[in-house]
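# Coordinate inspection notes
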Amino acid sequence: MNTESDVIIVGAGPVGLLLAAELRLAGVGTVVLERAPEPSAHPKALGLHARTLEQLAMRGLIGPFLAHGVRVPAWHFGFLEQRLDLTRLDTPYPFLLAFPQDRTETILRERALELGARIVRGEAVTGVSQTATDVRVETGNRTWRSSWVVGADGAGSTVRKAAGIGFPGTDADTWAYLGDVHASARPAPGFGVHNDKGALIVAPLPGGLLRFTGFDPQDQAGARREVTLDELAATTQRIAGTDFGLHDPAWLSRFGNATRVAAQYRKDRVLLAGDAAHMHFPAGGVGLNLGLQDAMNLGWKLAAVVQNRAEPSLLDTYESERQPWAHDVAEHTLAQTALITATTPTGQALRALLSNLIGTHTELSLTLARRLSALDVHYPLDGAHPLIGTRVATADMPDGRALRTDSTIIRPDGYVWWTADGTEPVPVSAIRAGRLPG
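To keep things clear, this report deals only with the structure shown in the data block. (Residues numbered from 1 in each chain as written. Predicted model: local features only at pLDDT ≥ 70, side-chain atom pairs only at ≥ 80, totals over all residues. Heavy atoms only, no water.)

## Regarding helix α7 (residues 287-306)
Here α7 contains 20 residues, and its C-alpha end-to-end distance of 28 Å stays within 8% of the 28 Å for a straight helix at 1.5 Å per residue. α7 sits mainly inside the fold: 20 of its 20 residues count as buried. (Helix = DSSP H or I, 4+ residues; strand = E, 2+ residues; numbered from the N terminus. Expected span 1.5 Å × (residues − 1). Buried < 20%, exposed > 50% of the residue type's maximum accessible area, 1.4 Å probe, protein only.)

Below you can see the structure in the form of structure tokens.
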């Protein structure tokens, strides 16, 4: 088997697969190594926010998502009673699309394979080393060689550790429960409750399953472990006043609020994306979206560097652009964690006050909605025209090429790159890296 490629991506989750597809659009030889022999049957994330949907639409991928997803017009912030009105967002997709992660992964895997990416499963990476000209990835008895390696291998990233990249942040001090189960007495759609006993929210899953997840102040043992069905039923009964007749669980787990952002997104020929670069409490359902947007930012830049259409320094903008938004997500997910765990009388008073403010101050609701949906993400440049780095909501770029529209050039990831009224935002070599028409 050929063990050489232009780029090796470690991790065949949605982020690694989308990145592989982006690289293959440019014709870059791409291999994806995945330690798991089969895709996971448990959908970790359940929603796609507006900016992610806009970017998928730019590649012509939006069809199956809209056809099979459920549009949720209002979404919670910290489990507050007053939800955020997403219908006011300035986007073609003013909603959260409920769509299980395993189905997202299937669509992106098919896309990557159609474009010619190789996906090799059952390959656990044990080491990564690099020279000035290449990177070597060890997997058991094999050595894989490439020009660049991207770690998209999760929060415990072997690639990040092997590259010696720090992962500063905070350890978990709060634990949440999760159960994908069947229920004899199904709660009403959108069911959620928060009181002095804890928090619970319920979301539908394919196959008649329901996801019960939330916070139980009586279950803060300080360790990640599996939850039993009896424990989940007891927690649900205590918080909601009924256990809904829970039975036949498909997945039971606990997760914490450890929050970290990688000290570097690039170390020479090694890069990080997705959970390998950032981890946080899954409040608001933004984690998968953050990672997919990493892939969109990195893909066209890495392709240009591999094909010598841009200097390697272009990759430094990947970190400078994406890392601040990971810190932003870390901040607001920590804030939401504080709201979710506010079960004391003082905490309940704070929640009531904030919920009322969201309900009566529409601009506050809109600000928080834009933050969750990533519509406020932008990449400004000092001294440049104010349009540089701003988001473009719609653009037809199925081949991943930059787009020229009148006096404006749009980057392959859907942000303004250059406008005739401003100074040139990037070197000419990087302009060529976008494979501009003409």
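Back to the text.
## Quick word on the pairing of strand β14 (residues 192-195)
Here β14 runs beside strand β15 (residues 198-204); their pairing, made up of 4 bridges, is antiparallel. Bridge pairing in β15 places Val193 opposite Leu200. The loop that links β14 with its antiparallel partner β15 comprises 2 residues. (Pairing = 2+ DSSP bridges.)

## Some words on the side chain of Thr236
Tracing the backbone through its elements, the reader meets Thr236 in helix α6 (residues 229-240). Here the side chain of Thr236 touches Leu232 through a polar contact of 2.8 Å, landing on its backbone oxygen. If sequence neighbours within four positions are ignored, Thr236 has contacts with Leu200, Phe212, Gly241, Thr242, Asp243, Phe244 and Leu246. (Polar contact = N/O pair within 3.5 Å; in protein donor to acceptor, adjacent residues only side chain to side chain. Contact = heavy atoms within 4.5 Å.)

## Describing the nonpolar core
Membership of the largest hydrophobic core comes to 94 residues, with the highest contact counts inside it found for Val7, Ile9, Leu48, Val150 and Leu302. With 12 residues, α7 is the single largest residue contributor to this core. Leaving out residues up to four positions away in the same chain, Leu302 has contacts with Val7, Leu23, Trp148, Val150, Leu271 and Leu315. (Core = buried A, V, L, I, M, F, W, Y, C linked by side-chain atoms within 4.5 Å.)

## Quick look at the packing of helix α1 (residues 14-25) against α7
Look at α1 against α7: their axes get within 8 Å of each other, and the N-to-C directions meet at 25°. Judged by the angle between their axes, α1 and α7 are roughly parallel. Handedness of the α1/α7 crossing: right-handed. For the pair formed by α1 and α7, the contact residues are Pro14, Val15, Leu18, Leu19, Glu22 and Leu23 on the first element and Leu288, Gly291, Leu292, Ala295, Met296, Leu298, Gly299, Leu302 and Ala303 on the second. (Axes fitted to C-alpha atoms, helices over the stretch in contact; angles between N-to-C directions. Parallel < 35°, antiparallel > 145°, perpendicular 65-115°, else oblique. Left-handed = near helix turned anticlockwise from the far one by under 90°.)

Spatial relationships are all this shows, so hold off on functional conclusions.
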